[in-house]
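These are the residues of each chain, in order.
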Amino acid sequence: MRARVTHTLSYRYTAPVQLGPHRICLKPRAHGFQRLLSFDLYLSPDPHRLHALVAASGDDILRARFSGATDALDIRSQCEVETQVPPLLQVYLEENEPSLPYPKGLLNGDLQGSLEGWLPNGQHDPAAVELAQEALMGSDQRALMFLDQLVEMIQDRVKYTQRHVGPAWPAGRTLKERVGSCRDLAVLMIEACRCVGLPARFVSGYHLVEPRPERYDLHAWAEVYLPGAGWRGFDPSGMGAIDDRYIPLATSSKPNLAAAVMGTFSGPAGVSSEMQWSIAAELLSEEHTVPNLLHF
């Protein structure tokens, strides 16, 4: 699939403010099953300094610093990407499908941050542990069957709903409320995967669903590291394993570091802000391609 996406964010302040440093994660991934063809970013006011860096996750992010006072901040990004349908996991794993629980000692040390629990003491949420154990029992301890079972159980027990405000909920709250946003369901799946030794991380990006909605929104899903196949995306609020209609922007072991824009402002007492956003997507080609496993 080839698509052009324009993402606009407009911040308005009730009085002139000083903008603090801003972290911008709007540049799509340029590797793996996605190719970044072009990317343009517009900022108003012009930043005093704008520099790119590669995050710990390997994503391209931008840091902006501003000088002077302003009562508005406008950000607009436009990208053109080409995505591919990832090859079937069975093709990668063949007879080497990981058996669960996967021993932590067999994993590369770089993956340890994607195994930690979400509680303040670094332990896993008991509700996620129970969910993972239940999915494990019905999967013959096979990783792919476990992931299928887990997605099915999450969708059966939690009703998906949009929620634009607030951080992602912990796994226990999502299961208790029996309702959650895409980021809540992603966190629940991530936590459950980590309980059985599968590294997992949070992904923020675009899902160009069909039929086309009235307006697109940012979406969140999970990426799970499968030994022998690497990082692969799963959407517990969608159809499970992702296809070429997903466009990753940022990944992190914690959801807050995958936010599209993160920054601060300071001003007179009582000053407040209001944010409006829009995401427009144009499909330039809907041809579904699968990467040649022998071509690099």
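See above for the structure.
Residues numbered from 1 in each chain as written. Predicted model: local features only at pLDDT ≥ 70, side-chain atom pairs only at ≥ 80, totals over all residues. Heavy atoms only, no water.

Draft legend 1. Summary view of the side chain of Q34. Checked against the element boundaries, Q34 lands in strand β2 (residues 34–44). Judged by its relative accessible area of 5%, Q34 is buried. Within the structure, Q34 has its side chain in polar contact with the backbone oxygen of R29 (distance 2.8 Å). Among all residues touching Q34, those that are not within four sequence positions of it are P28, R29, V81, E82, T83, Y246, I247 and P248. (Helix = DSSP H or I, 4+ residues; strand = E, 2+ residues; numbered from the N terminus. Buried < 20%, exposed > 50% of the residue type's maximum accessible area, 1.4 Å probe, protein only. Polar contact = N/O pair within 3.5 Å; in protein donor to acceptor, adjacent residues only side chain to side chain. Contact = heavy atoms within 4.5 Å.)

Draft legend 2. Structural detail: helix α2 (residues 126–137). In a regular helix each residue adds 1.5 Å, so 12 residues correspond to 16 Å; α2 covers 17 Å between its end C-alpha atoms and thus fits that length. Here α2 has its buried residues at A128, L131, A132, A135 and L136. All buried residues of α2 lie within an arc of 135° about the axis, which places them on one face of the element. Turned more than 90 degrees away from the buried face of α2, the exposed residues are P126, E130 and M137. Tucked into the core, α2 has its buried residues touching α3 (143–157), α4 (171–177) and α5 (182–195). Of the residues flanking the start of α2, the one acting as N-cap is D125, its side-chain oxygen 2.9 Å from the backbone nitrogen of A127. (Expected span 1.5 Å × (residues − 1). Arc of directions from axis to C-beta.)

Draft legend 3. Summary view of the nonpolar core. F146, L147, L150, M189, C193, L198 and L226 are the most contacted members of the largest nonpolar core, which has 47 residues in total. Among the secondary structure elements, those contributing two or more residues to this core are α1 (89–93), α2, α3, α4, α5, β8 (200–207) and β9 (218–226). Looking at this core, the element that brings in the most residues is α5, giving 9 residues. Once residues lying within four places of it in the same chain are set aside, the contact partners of L226 are L89, A143, L144, L147 and L198. Grouped together as the second largest cluster of nonpolar side chains are 32 residues, L19, F39, L43 and I247 included. (Core = buried A, V, L, I, M, F, W, Y, C linked by side-chain atoms within 4.5 Å.)

Draft legend 4. Broad picture of unusual backbone geometry. P45 follows S44 through a cis peptide bond whose omega is 5°. By secondary structure assignment, the location of P45 is in the loop between β2 and β3 (49–54). Of the consecutive residues E210 and P211, the connecting peptide bond is found in the cis state with omega at 0°. A positive phi angle is found at D140, which is not glycine, with a value near 55°. Its place among the elements puts D140 in the loop between α2 and α3. A relative accessible area of 60% means that D140 is categorised as exposed. Even without being glycine, R178 reaches a positive phi, approximately 60°. Tracing the backbone shows R178 in the loop between α4 and β7 (179–180).

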